[in-house]
Amino acid sequence: MTDLSSLTLRRLRAWIRLLRFVRGAESQLREFLRINFDTTLPRFDVAAALYRVNKPVRMSELSKMLLVSNGNVTTVVDRLEKEGKARRIADETDKRVVSVELTEGGRNWFKDVAAAHSQEIDRIFEKLGHEDLSQLRNLISMITRTQN
């Protein structure tokens, strides 16, 4: 391995700290959802996407929105459908095309879970005030701009 500059090492350490934080926070959220709502983060994410669009969404479109494979979306939608939280809608002109939407019960369930999820995120970030959050957002914006 070549000698790394001091700045390069600091960037590497920052990356590792960010990664630890994100993985830890995600793990907390997964456990929170499992214990309090007997659900998973992928089910929450699918429900959140469907709730946001508030209309039937093609399964292929949903997988693109969530940046996951069609197979992953199908598995999650199967579970949501089995629980009565989502329903599939076959396209009248092309039977190969299937859309999905939340049921009324699914929308109500999601509102409850989303409110609790929001409180859990608030708890995870409780040490940060308005100024801290603005600074964090600005820093993240700065590094994400360099990736595009």
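Before going into details, it helps to say that this report is about the structure given with it. (Residues numbered from 1 in each chain as written. Predicted model: local features only at pLDDT ≥ 70, side-chain atom pairs only at ≥ 80, totals over all residues. Heavy atoms only, no water.)

## A word on a nonpolar patch on the surface
Here comes step 1: Side chains of Leu-4, Leu-12, Trp-15, Ile-16, Leu-18, Leu-139, Ile-140, Met-142 and Ile-143 sit close together on the surface and give an oily, nonpolar patch of about 800 Å² of accessible area.
Here comes step 2: Elements that contribute at least two residues to the nonpolar patch include exactly helix H1 (6–37) and helix H6 (130–145). (Patch = residues over 30% accessible without salt bridge, like charges linked within 9 Å, V, L, I, M, F, W, Y side chains within 5 Å. Areas by Shrake-Rupley, 256 points an atom, 1.4 Å probe, with all protein chains shown as cover. Salt bridge = Lys/Arg side-chain N within 4 Å of Asp/Glu carboxyl O. Helix = DSSP H or I, 4+ residues; strand = E, 2+ residues; numbered from the N terminus.)

## Observations regarding the side chain of Glu-120
Here comes step 1: Looking at where Glu-120 falls in the secondary structure, it is placed in helix H5 (residues 104–124).
Here comes step 2: Residue Glu-120 is classed as buried on the basis of its relative accessible area, which comes to 9%.
Here comes step 3: With residues up to four places along the chain from it excluded, the contact list for Glu-120 reads Gln-28, Leu-29 and Phe-32. (Buried < 20%, exposed > 50% of the residue type's maximum accessible area, 1.4 Å probe, protein only. Contact = heavy atoms within 4.5 Å.)

## Observations concerning helix H4 (residues 70–82)
Here comes step 1: Over its 13 residues, H4 extends 18 Å from the first C-alpha to the last, a length consistent with the 18 Å expected when each residue adds 1.5 Å.
Here comes step 2: Every buried residue of H4 is accounted for by Val-73, Val-76, Val-77 and Leu-80. Angular distribution of buried residues about the axis of H4 spans 100°; they occupy a single face of the element. The exposed set on the far side of H4, more than 90 degrees from its buried face, consists of Thr-75 and Lys-82.
Here comes step 3: Where the residues of H4 are buried, they touch helix H2 (41–53), helix H3 (59–66), strand S2 (86–90), strand S3 (98–102) and H5.
Here comes step 4: Downstream of H4 by a residue or two, Gly-84 has a phi angle that is positive, lying close to 80°. (Expected span 1.5 Å × (residues − 1). Arc of directions from axis to C-beta.)

## Looking at the packing of aromatic side chains
Here comes step 1: Under the defined criterion, the tally for this structure stands at four aromatic pairs.
Here comes step 2: Between Phe-44 and Phe-110 the ring centres are 5.3 Å apart and the planes differ by 35°, which places this aromatic pair in the tilted class. Of the two residues, Phe-44 is situated in helix H2 and Phe-110 in helix H5; the sequence distance between them amounts to 66 residues.
Here comes step 3: Here Phe-44 falls in the buried class, since its relative accessible area comes to 7%.
Here comes step 4: Through a chain of ring-to-ring contacts, the aromatic side chains of Phe-44, Tyr-51 and Phe-110 assemble into a single cluster. (Phe/Tyr/Trp six-rings, centres within 6.5 Å; stacked < 30°, edge-to-face > 60°.)

## Focus: the side chain of Ser-63
Here comes step 1: Counting through the fold element by element, Ser-63 comes out in helix H3.
Here comes step 2: Residue class for Ser-63 comes out buried when judged on its relative accessible area of 5%.
Here comes step 3: Sequence-distant contacts of Ser-63, defined by excluding residues within four places in its chain, comprise Val-68, Ser-69, Asn-70 and Val-73.

## Things to note about the sheet that holds S2
Here comes step 1: Judged by pairing direction, the sheet is antiparallel, and its three strands sit side by side in the order S1-S3-S2 without closing on themselves. Strands with a single pairing partner mark the edges of an open sheet, and in this sheet they are strand S1 (57–58) and S2.
Here comes step 2: In terms of strand pairing, S2 meets S3 through five bridges, oriented antiparallel. Within S3, the residue paired with Arg-88 across the bridge is Val-100.
Here comes step 3: Relative to the sheet, H4 contacts S2 and S3, its axis offset from that of S2 by approximately 115°. (Pairing = 2+ DSSP bridges. Axes fitted to C-alpha atoms, helices over the stretch in contact; angles between N-to-C directions.)

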